[in-house]
Amino acid sequence: MIEAVGLTKRYGSTVAVNDLSFTVKPGKVTGFLGPNGAGKSTTMRMILGLDAPTSGRVLIDGKPYQELKHPLRKVGALIDAKWVHPNRSAHSHLKWLARSNDLPLSRVDEVLAMVGLEQVAKRRAGGFSLGMSQRLGIAAALLGDPEVLMFDEPVNGLDPEGIHWIRRFMQGLAAEGRTVFVSSHLLSEMSLTAEELVVIGRGELIAQCSTEEFVEGASIASVRVRTPQAEELRALLDEQGLTVQQPLDGTLLVGDATSEQLGELAARNGIVLHELTTQRGSLEEAFMQLTSQAVEYQTDLGGTAALTTAGK
Ligand SMILES: Nc1ncnc2c1ncn2[C@@H]1O[C@H](COP(=O)(O)OP(=O)(O)OP(=O)(O)O)[C@@H](O)[C@H]1O
């Protein structure tokens, strides 16, 4: 289990992470979601003790990373897939890692088999594709057979097959009862991979909930209405202060309203409807809107006062 309490990181006047509290539980893939620059990598580095928090703390099974007796047996992480000597083979890279961390050498062949790299284990890692490098990074993270696994943007730049493989692999690790924490800036990707989400925007927590709940709330609904009395209905909708778009197909697209509301409004005013359909906007668009509006920073002398948080 990972537990962050009031985690804060400042770099000079930049607040990368601000008073962040969340919990990541075992047995599930938890997505760590936020747009670029939201503070995901900084948070992951603090979990791994690679960066010290300005204030607050983050614990792994109740202890800060530095106090873990055998860190690699507790936590495995993929932060940078290209972190390997280019002339080393996958096998010798893992052997070197195992040796320097006091892990059994027998584990090297085991993890190579787990990620499907046995055939290329003796080739120089410098010639690996991004997908193969990611697999090697995952093999390294698994060397200590850790309960907690963290992956920073593991599918970035991968082809659909590579993405599918990583997704299934992470779900398999969670099914074994491990804690799996994986960052991404894509809601559509996370909605397929993670059961739980920790969502941040500009360093602050926006939501911690199930993916299903978040996706439902994040997707903007609009209602498509087709009527032979479009002008009349349009005037009524304008009166109500609703946002209305008129695409060229003769329909009306009404934002911030439910189909029930519009159906009743039309009925009360004797307007005939030929169509009334709720439409979902693009998940990614809605998410970007949500996270970019989540926290507005006041540019006063203090420079970093959080004004509003979405959903509150
Ligand atoms: N070493 C550093 N020095 C100064 N500012 C930093 C440093 N590391 C991160 N930042 C700033 O902190 C903020 C959060 O960055 P971070 O890399 O954690 O975000 P992220 O969500 O991981 O985004 P990305 O996916 O783009 O890496 C950004 O504004 C970034 O410029």
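Each remark here, short or long, concerns the structure printed above.
Residues numbered from 1 in each chain as written. Predicted model: local features only at pLDDT ≥ 70, side-chain atom pairs only at ≥ 80, totals over all residues. Heavy atoms only, no water.

1. A word on the overall build of the protein
For clarity, the cut-off: Put simply, DSSP marks the helices as runs of H or I at least four residues long and the strands as runs of E at least two long, and each gets a number from the N terminus on. With a 1.4 Å probe rolled over the protein chains alone, any residue whose accessible area is under 20% of its type maximum counts as buried; one over 50% counts as exposed, and the rest are partly exposed. Contact definition: two residues touch when any of their heavy atoms are within 4.5 Å. Each accessible area value is a Shrake-Rupley result obtained with a 1.4 Å probe; residue values ignore everything except the protein chains displayed when judging cover. For the charge count, each Lys or Arg is scored as positive and each Asp or Glu as negative, with His and the chain ends excluded. Charge placement uses NZ in Lys and CZ in Arg. For Asp and Glu, CG and CD serve respectively.
Along the protein, the regular secondary structure elements total 11 helices and 15 strands. Dimensions of the protein, computed from the C-alpha atoms along their principal axes, are close to 80 × 50 × 30 Å. Going through the 312 residues of the protein one by one, you find that 46% of them count as buried. Put simply, of all contacts in the protein between residues at least 6 apart along the chain, 66% involve residues at least 24 apart. Of the roughly 15,500 Å² of accessible surface on the protein, 50% is carried by carbon and sulfur atoms. Measuring between centres, the 30 positive side-chain charges of the protein sit 11 Å from its 37 negative side-chain charges.

2. Regarding the site of the ligand
The cut-off we apply is this: We call a residue near a molecule or strand when any one of its heavy atoms sits within 4 Å of it. Each polar contact in these results corresponds to two N or O atoms within 3.5 Å; when the atoms are within protein, one needs to be able to donate a hydrogen and the other to accept it, and residues that are neighboring in sequence are counted only if both atoms are side-chain atoms.
Around the ligand sit Tyr11, Ala16, Pro35, Asn36, Gly37, Ala38, Gly39, Lys40, Ser41, Thr42, Arg45 and Glu153, and those are all the residues in its vicinity. Here Asn36 contributes a side-chain N or O atom positioned 3.3 Å from an oxygen atom of the ligand. For the ligand, the protein covers 59% of the area, taking 630 Å² as the surface of the free molecule. The greatest single-element share of the shell around the ligand, amounting to 4 residues, is contributed by helix H1 (residues 40–47).

3. Re the environment of Thr211
Tracing the chain through its elements places Thr211 in helix H8 (residues 211–218). With relative accessibility at 5%, the residue Thr211 sits in the buried group. Leaving out residues up to four positions away in the same chain, Thr211 has contacts with Met190, Ser191, Ala194, Glu195, Glu196 and Leu197. A distance of 2.7 Å separates a polar atom in the side chain of Thr211 from the backbone oxygen of Ala194.

4. Describing the sheet that holds strand S1 (residues 2–11)
Across a sheet, paired strands are connected by hydrogen bonds in the backbone, their directions being either parallel or antiparallel. For the record, the criterion: For two strands to pair, DSSP has to find at least two bridges joining them. Angles shown run from 0 to 180 degrees and are taken between the N-to-C directions of axes, each axis being a line fitted to C-alpha atoms and, for helices, limited to the stretch in contact.
Ordered in space as S2-S1-S4, the 3 strands form an open sheet in which the pairing is antiparallel. Looking along the sheet, the strands with just one partner apiece sit at the ends: strand S2 (14–24) and strand S4 (55–60). Taking the axes of each pair of neighbouring strands and ignoring which way they run, one obtains an average angle of 20° across the sheet. Summarising the sheet, S1 and S4 pair through 5 bridges and their orientation is antiparallel. Across the sheet, Ala4 pairs through a bridge with Val58, a residue of S4. Running over the sheet, H1 touches S1, S2 and S4 and is turned about 120° from S1.

5. Quick look at the packing of helix H3 (residues 90–100) against helix H4 (residues 106–114)
Each pair of packed helices gets described by two things: the angle between the helix axes and the distance between those axes. Quick note on the threshold: Any angle that falls under 35 degrees is termed roughly parallel, while one over 145 is termed roughly antiparallel, one within 65 to 115 roughly perpendicular, and all others oblique. In this scheme the handedness of a crossing depends on how the near helix is turned from the far one: anticlockwise by less than a right angle means left-handed, clockwise means right-handed. Gly counts as polar in this scheme, as do all residues outside two lists: the nonpolar Ala, Val, Leu, Ile, Met, Phe, Trp, Tyr, Cys and Pro, and the charged Asp, Glu, Lys and Arg.
At their nearest, the axes of H3 and H4 sit 9 Å apart, and the two run at 130° to each other. Relative to H4, H3 is oriented oblique. The two elements H3 and H4 cross, and the hand of that crossing is right-handed. Mapping the contact onto sequence places Ala90, His91, Leu94, Lys95 and Ala98 in H3 and Val108, Asp109, Val111 and Leu112 in H4. Across the contact of H3 with H4, the residue classes break down as 6 nonpolar, 1 polar and 2 charged.

6. Focus: the sheet that holds strand S11 (residues 244–245)
On the basis of which strands lie adjacent, the open sheet formed by 4 strands has the order S11-S12-S10-S13 and antiparallel pairing. Either end of the sheet is taken by a strand with one partner, and the two such strands are S11 and strand S13 (275–280). With 6 bridges joining them, strand S10 (residues 221–226) and S13 adopt antiparallel strand pairing. Bridge pairing links Arg226 to Glu275 in S13.

7. Some details on H3
Keep this limit in mind: Comment: arc refers to directions from the helix axis out to C-beta atoms.
Residues of H3 that are buried: Ala90, His91, His93, Leu94, Leu97 and Ala98. On an axial view of H3, the arc spanned by its buried residues comes to 165°, and they lie on one face.

8. Considerations on the nonpolar core
Our working rule: By nonpolar core we mean a set of buried residues, namely Ala, Val, Leu, Ile, Met, Phe, Trp, Tyr and Cys, connected to one another through side-chain atoms within 4.5 Å.
Ile138, Phe151 and Phe214 are the most contacted members of the largest nonpolar core, which totals 47 residues. No other element matches helix H6 (residues 160–175), which puts 7 residues into this core. Ile2, Met46, Val58 and Val148 belong to the second largest nonpolar core, which has 24 residues in total.

9. Some details on the pattern of salt bridges
Heads up, the rule is: Within this document, salt bridges are pairs made up of a side-chain nitrogen of Lys or Arg and a carboxyl oxygen of Asp or Glu, the two lying within 4 Å of each other.
The tally for this structure, following the rule as stated, stands at 15 salt bridges. Here Lys74 and Asp61 are joined by a salt bridge, their closest N and O atoms 2.9 Å apart. Here the residue Lys74 occupies a position in helix H2 (residues 71–74), and Asp61 occupies one in the loop between S4 and H2, the gap between them amounting to 13 residues. We note a salt bridge from Glu176 to Arg178, for which the minimum N-O separation is 2.7 Å. When salt bridges that share partners are traced, they join Arg107, Glu110, Asp145, Glu176 and Arg178 into one network.

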